[in-house]
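Residue-level structural notes
Spelled out, the chains give:
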Amino acid sequence: MANDAHGSDIQAPAGTREELLDVVDDYVAALVAGDPDAAPLSPDVAFVENQESKTPGEGLWRTASGPPTDFTIYVPDPASGQVGFMGLLEEAGEPVLLGLRLQVEDGRITEAEHLIARDLTPGRDDHNNLANLRSPRYTFLDTVDPAHRNSREELLEITANYYDALAEDDGSLAAFAPNCVRIENGFQTTCKTPPPEPDAAELLRTLDAGEQLDAGAFSNITRVESRRFDVADVETGLVCGLSQLRHPMEETTLDIEGVPGVETVERDFDPFDTVAMHVFKISGGKIRAIEAVGIRAPYESSTGWE
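No experiment lies behind these values; they were computed from the predicted model shown.

1. Quick look at the overall build of the protein
Looking only at helices and strands, the protein features 5 helices and 15 strands. The C-alpha radius of gyration computed for the protein amounts to 19 Å, which stays within 12% of the reference 19 Å derived for 306 residues, consistent with globular compactness. With respect to the principal axes defined by its C-alpha atoms, the protein has extents near 55 × 45 × 35 Å. For the protein, contacts bridging at least 24 residues in sequence account for 67% of all contacts bridging at least 6. Carbon and sulfur atoms provide 46% of the accessible area of the protein, an area that totals close to 13,400 Å². Side-chain charges of the protein comprise 23 positive and 57 negative groups, with the mean position of each set lying 2 Å from the other.

2. Remarks on the pattern of salt bridges
Between side chains of opposite charge, a pair can form when the charged atoms approach closely. Taken as a whole and judged by the stated rule, the model has 17 salt bridges. The structure contains a network of salt bridges with shared partners spanning Arg223, Glu225, Arg246, Asp273 and Glu300.

3. Brief notes about the environment of asparagine 161
For asparagine 161, the position within the fold is in helix α3 (residues 152-168). The sequence separation of asparagine 161 and serine 172 amounts to 11 residues, and the corresponding C-alpha distance is 9.5 Å.

4. Quick notes on the side chain of arginine 228
Secondary-structure assignment places arginine 228 in strand β10 (residues 223-233). A distance of 2.8 Å separates a polar atom in the side chain of arginine 228 from a polar atom in the side chain of glutamate 113.

5. Describing the pairing of strand β5 (residues 82-91)
Of all 10 residues in β5, 9 are buried; the element is thus mostly enclosed. Both strand β3 (residues 64-66) and β5 contribute to a ladder of 2 bridges, which runs antiparallel. Residue pairing in the sheet places glycine 66 in a bridge with glutamate 90 of β5. In this sheet, β5 lies alongside strand β4 (residues 72-77) in antiparallel orientation, the contact comprising 6 bridges. Its bridge partner lying in β5, threonine 72 is registered against glycine 87. In this antiparallel pair of consecutive strands, β4 and β5, the connection spans 4 residues, and glycine 81 shows a positive phi of 70°. In this structure, β5 lies alongside strand β6 (residues 94-105), joined through 10 bridges in antiparallel fashion. Residue pairing for β6: leucine 89 is matched across the bridge by valine 96.

Here is what the cut-offs are and how they apply
Residues numbered from 1 in each chain as written. Predicted model: local features only at pLDDT ≥ 70, side-chain atom pairs only at ≥ 80, totals over all residues. Heavy atoms only, no water. Helix = DSSP H or I, 4+ residues; strand = E, 2+ residues; numbered from the N terminus. Rg over C-alpha atoms; globule rule 2.2 N^0.38 Å. Contact = heavy atoms within 4.5 Å. Areas by Shrake-Rupley, 256 points an atom, 1.4 Å probe, with all protein chains shown as cover. Lys, Arg positive; Asp, Glu negative; His and termini not counted. Charge placed at Lys NZ, Arg CZ, Asp CG, Glu CD. Salt bridge = Lys/Arg side-chain N within 4 Å of Asp/Glu carboxyl O. Polar contact = N/O pair within 3.5 Å; in protein donor to acceptor, adjacent residues only side chain to side chain. Buried < 20%, exposed > 50% of the residue type's maximum accessible area, 1.4 Å probe, protein only. Pairing = 2+ DSSP bridges.

In structure tokens:
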């Protein structure tokens, strides 16, 4: 498995961008068909789904019932031999958001990792998550003009700074573009238009990504660990990263700074982790947009790769 740092060891080239994209499509088609033999799997492939080590044929291999919709995002990285993917599939007739990471060597998949978010339709008018999962935002499909592209090393460094900013509650540590919109499991968490009578949480969601960190909206996240973000595509400016956000919940009342009308926010939960895959859009050295899939897990839980 790739090392837990942006300076991770680079595997032998796995092929071109196009070949990695084909591997993802072949894998997902086999997954939906429930047929591991149809996927280009190595005989000793390692497979983890939602932090649990499994065997191909188990988990989503058994329950997937429909192919990806128009919502698909690909992050091929020949340099690391990896490819990230985010897509809306169907499981037992219900929509699920899949975050996928594949390690490819000599055309065969040696590692497969699933992160599956379910319950995407919580039944609230203001949480119509599926509306944001009809198709990817254009920026995630567009290539970056060569004049504004960052090198692979720069993309990984910018991503590393994002995780530092999240852990330190300091938006200045990350290279956010103004009005950077973050969407998680289909729910827009930044730059939202406030309703007529917004509560404190809704007002915080009107801020952009950097402003939220500066305000202390995520101060209950004290550590960002198991960081794995060595999947980057220079052409599209996309970086795929996985991590575990530790929420010890030692303070259930968060002090908010710099937001008129909001002094505190209550976050009364038991300690937990958020296991997340983020896809960052970066151009001109700035994070322009973020798409994420995440699940709640027990506090201090492992990744399944230990």
